[in-house]
Amino acid sequence: ATLEPEKHPDVAYVLKLVCMIDHVDDESKEDIWPGEEIAPDDWTTAENPSYGYYAYYFWANVHKLNQLRRERGLNTIQNRPHAGESGPLHHLASAFLFCDGSSHGIALENSDVFQYLWYLCQIGTAVSPISNRTLFKRYVLNPFPKLFARGLRVCLSTDDPMQFHMTNQPLIEEYSTARQGWDSEMHDLTEIARNSIFISFGDEAAGELYGALADTIGVDDHAHTANVSSVRL
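Thresholds, definitions, all that
Residues numbered from 1 in each chain as written. Predicted model: local features only at pLDDT ≥ 70, side-chain atom pairs only at ≥ 80, totals over all residues. Heavy atoms only, no water. Helix = DSSP H or I, 4+ residues; strand = E, 2+ residues; numbered from the N terminus. Buried < 20%, exposed > 50% of the residue type's maximum accessible area, 1.4 Å probe, protein only. Contact = heavy atoms within 4.5 Å. Areas by Shrake-Rupley, 256 points an atom, 1.4 Å probe, with all protein chains shown as cover. Pairing = 2+ DSSP bridges. Axes fitted to C-alpha atoms, helices over the stretch in contact; angles between N-to-C directions. Salt bridge = Lys/Arg side-chain N within 4 Å of Asp/Glu carboxyl O. Parallel < 35°, antiparallel > 145°, perpendicular 65-115°, else oblique. Left-handed = near helix turned anticlockwise from the far one by under 90°. Phe/Tyr/Trp six-rings, centres within 6.5 Å; stacked < 30°, edge-to-face > 60°. Right-handed = clockwise from strand over helix to strand, strands pointing away.

Quick look at the overall build of the protein
A tally of regular secondary structure across the protein gives 11 helices and 6 strands. Out of the 233 residues in the protein, the part that is buried amounts to 41%. Pairs at least 24 apart in sequence give 55% of the contacts found in the protein among residues at least 6 apart. Accessible surface, the protein as shown: approximately 13,800 Å² in total, 54% of it carbon and sulfur.

A closer look at the sheet that holds strand β6 (residues 154–156)
In space, the 4 strands of this open sheet follow the order β3-β4-β5-β6, with parallel pairing throughout. Edge positions in the open sheet fall to β3 (82–83) and β6, since each of these has one partner strand only. In this fold helix α9 (residues 186–201) packs onto β5 (124–127) and β6, with an angle of close to 105 degrees to the strand it touches most, β6.

A look at the pattern of salt bridges
Counted by the stated rule, this structure contains 4 salt bridges. Measuring nitrogen to oxygen at the nearest pair gives 3.7 Å for the salt bridge that ties arginine 150 to aspartate 112. Within this pair, whereas arginine 150 is found in the loop between α6 (144–149) and β6, its partner aspartate 112 is found in helix α4 (residues 112–121), the two being separated by 38 residues in sequence. For arginine 150, a relative accessible area of 45% corresponds to the partly exposed category.

Considering the packing of helix α3 (residues 90–98) against α4
Two quantities define a packed helix pair, namely the angle between the axes and the distance from one axis to the other. Between α3 and α4, the least distance of the axes is 11 Å, while the angle of their chain directions is 20 degrees. Taken together, the axes of α3 and α4 lie roughly parallel to each other. The handedness of the crossing between α3 and α4 is left-handed. The residues of α4 that touch α3, namely those facing Leu92, Ala93, Ala95 and Phe96, are Phe114, Leu117, Trp118 and Cys121.

Topic: the packing of aromatic side chains
What the rule picks out here adds up to 9 aromatic pairs. With centroids separated by 6.1 Å and ring planes inclined at 35 degrees, the aromatic side chains of tyrosine 56 and tryptophan 59 adopt a geometry described as tilted. Residue tyrosine 56 and its partner tryptophan 59 are both found in helix α2 (residues 51–71); the two are separated by 3 residues, about one turn of the helix. With a centroid separation of 5.7 Å and an interplanar angle of 75 degrees, the aromatic rings of tyrosine 56 and phenylalanine 98 are classed as edge-to-face. Note that tyrosine 56 is positioned in helix α2 and phenylalanine 98 in helix α3, a separation of 42 residues in sequence. Of the residues examined, phenylalanine 98 reaches a relative accessible area of 21% and is grouped as partly exposed. Aromatic ring contacts, followed pair by pair, group Tyr53, Tyr56, Tyr57, Trp59 and Phe98 into a single cluster.

Points about unusual backbone geometry
Even without being a glycine, glutamine 122 presents a positive backbone phi close to 50 degrees. In this fold, glutamine 122 is placed in the loop between α4 and β5. Relative accessible area serves as the criterion here: at 27%, glutamine 122 is assigned to the partly exposed category. Of note in this structure, aspartate 160 is not a glycine but carries a positive phi near 55 degrees.

Notes on the pairing of strand β4 (residues 101–104)
The pairing of β3 with β4 spans 2 bridges and is classified as parallel. Directly across from alanine 83, in β4, lies its bridge partner histidine 104. This β-α-β element, β3 to α3 to β4, shows right-handed connectivity. Inspection of the sheet shows β4 paired to β5 by 3 bridges, in the parallel sense. Counted as the bridge partner of serine 102 is threonine 125 from β5. Running through α4, the crossover from β4 to the neighbouring parallel element β5 is right-handed.

Remember that the coordinates give geometry; whether it matters functionally is a separate question.
This is how it looks when you write it as structure tokens:
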């Protein structure tokens, strides 16, 4: 569809609308680090490969697809899987090596090393506290407030709205949960929303967006344009 869109018009059209891929599985299933026993090209058994190999296969194929699409002036697709929702820490290692960001990431609380890597690289992580509360973490135990306070690029997101939410504004439910459940201040929620912009569009595109808005309203400071304080409380 990328090489010959005229032969696959429907798929070519859909690809123009896709900005990311999230490969989802039950991370709580037993899953060992793949090690060096089997090379990726030699995995031909009926048994599913480990999370690490899944991450590698997605990276290899999406990377090649993006090269083709970039050469043709088309949009590219990011790889942002479920990682660190409930599985072992090596899932986070695979996400760090092969992915553009992650969903959930609450297992980061179990590793200061990974938190530091996520902070240094400002890896976008979308957390869904309502889903987490239903499946794995009560609100009081959710590490989102700690990850946010430490400066990781985390934002709030929905997860299966038809299953976990009660209104037609599921994202507002997530923000309301953060506001009431963690006593988040409005400037906290504003910074979280700003993180969403950077995660969605990338630093360069988000900077251009803020720059255009600042020029429109006559403000020089992009952070001020986003209503984010320059000093954290």
